[in-house]
Amino acid sequence: MATDPEAAEPMVPSLVDRYFTRWYKADVKGKSCEDHCILQHSNRICVITLAESHPVLQSGKTIKSISYQISTNCSRLQNKVSGKFKRGAQFLTELAPLCKIYCSDGEEYTVSSCVRGRLMEVNENILHKPSILQEKPSTEGYIAVVLPKFEESKSITEGLLTQKQYEEVMVRRINATTATS
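Residues numbered from 1 in each chain as written. Predicted model: local features only at pLDDT ≥ 70, side-chain atom pairs only at ≥ 80, totals over all residues. Heavy atoms only, no water.

The name given to the protein chain in an unreviewed UniProt entry is Protein Abitram, and the organism recorded there is Aotus nancymaae. Quoted verbatim from the Sequence similarities (unreviewed entry) heading of the UniProt record, the comment on the protein chain is "Belongs to the ABITRAM family." UniProt, in its Subunit (unreviewed entry) section for the protein chain, records the words "Interacts with F-actin. Interacts with G-actin." (UniProt positions renumbered as here; feature names shortened; annotations may be inferred.)

Draft legend 1. Quick peek at the side chain of H36. Mapped onto the elements of the fold, H36 is located in strand β2 (residues 36-41). In terms of polar contacts, H36 uses its side chain to reach the backbone amide nitrogen of S112, at 3.4 Å. For H36, the contacting residues outside a window of four places in its chain are W23, Y24, K25, V28, T49, L50, A51, T110, V111, S112 and C114. (Helix = DSSP H or I, 4+ residues; strand = E, 2+ residues; numbered from the N terminus. Polar contact = N/O pair within 3.5 Å; in protein donor to acceptor, adjacent residues only side chain to side chain. Contact = heavy atoms within 4.5 Å.)

Draft legend 2. Local environment of the pattern of salt bridges. In this structure the tally under the stated criterion is 6 salt bridges. The salt bridge partner of K164 is E168, with a shortest N-O separation of 3.9 Å. Residue K164 and its partner E168 are located together in helix α5 (residues 163-180), separated by 4 residues, close to a single helical turn. What you see here is one network of salt bridges that share partners, running through D27, D35 and R173. (Salt bridge = Lys/Arg side-chain N within 4 Å of Asp/Glu carboxyl O.)

Draft legend 3. Examining the pairing of β2 more closely. Taking burial as the measure, the 6 residues of β2 include 5 buried ones, the bulk of the element. Sheet analysis places β2 next to strand β3 (residues 46-50), joined by 5 bridges and oriented antiparallel. Bridge pairing in β3 links H36 to L50. Remark: 4 residues form the turn of the hairpin made by β2 and β3, two consecutive strands paired antiparallel; R44 in that turn has positive phi of roughly 80°. (Buried < 20%, exposed > 50% of the residue type's maximum accessible area, 1.4 Å probe, protein only. Pairing = 2+ DSSP bridges.)

Draft legend 4. Representation of the state of the cysteines. Under the counting rule described, the total for this entry stands at 0 disulfides. You can see C99 has no disulfide; the closest cysteine sulfur is in C103, sitting 11 Å from it. We classify C99 as buried; its relative accessible area is 0%. Cysteine C114 shares no disulfide, and the gap to the nearest cysteine sulfur, in C37, comes to 9.6 Å. (Disulfide = S-S within 2.5 Å.)

Draft legend 5. Here's a closer look at the environment of I63. Looking at where I63 falls in the secondary structure, it is placed in strand β4 (residues 63-67). In the structure, I63 is positioned 27 residues away from H36 in sequence and 17 Å away in space, judged by C-alpha atoms. With sequence-adjacent residues up to four places away left out, I63 is seen in contact with V56, I101, Y102, C103, P130, L133 and Q134.

Draft legend 6. Representation of empty space enclosed by the protein. Taken as a whole and assessed by the stated rule, the structure comprises 1 cavity of 30 Å³ or more. Around the largest cavity sit V28, K29, K31, E34, H36, T110 and S112, which together line it. Counted by class, the lining of the largest cavity contains 1 nonpolar, 3 polar and 3 charged residues. (1 Å grid on protein atoms, 1.4 Å probe; cavity = no way out; pocket = protein on both sides within 12 Å on 5 of 7 lines; lining within 4 Å. Points joined across faces, edges and corners; volume = space filled by probe spheres on them. Nonpolar A, V, L, I, M, F, W, Y, C, P; charged D, E, K, R; others polar.)

Have a look at this one:
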């Protein structure tokens, strides 16, 4: 009897699964299904990405452009960080907008920080190739990197959902949509 060699080998966790803890913020600013994922490293750095259920990642959506220009006076691209104490970094609150995503169907989505801290960098690669946001949202398609204050690094997860809690929210959403249809 022949066995499949791939089935015998255990799944090797991805780099993200190995070194980051996934936290989720569901229905950001009360907008249904606009979920964000926060990848928290053990050194307290947080990588802000879109959750799998975000409308931008659903099939059929095409990203027209992405803008880090939040207002006439505020652009996340102007963030210049230097030195050991990260001088010049923009300070973000939980609801601070990071970028705006414009889709070809006319929809516009604002991605929020979801954690308090200093903005370390934004992903300029998604400006030039927006499709990587959809193709690799947890790796090359990240939105931004935020460094929470050391004193707040334990409390930033308050108000965020664990992977298991987020999956329960997803099941409730699916049940609610099937019950209404």
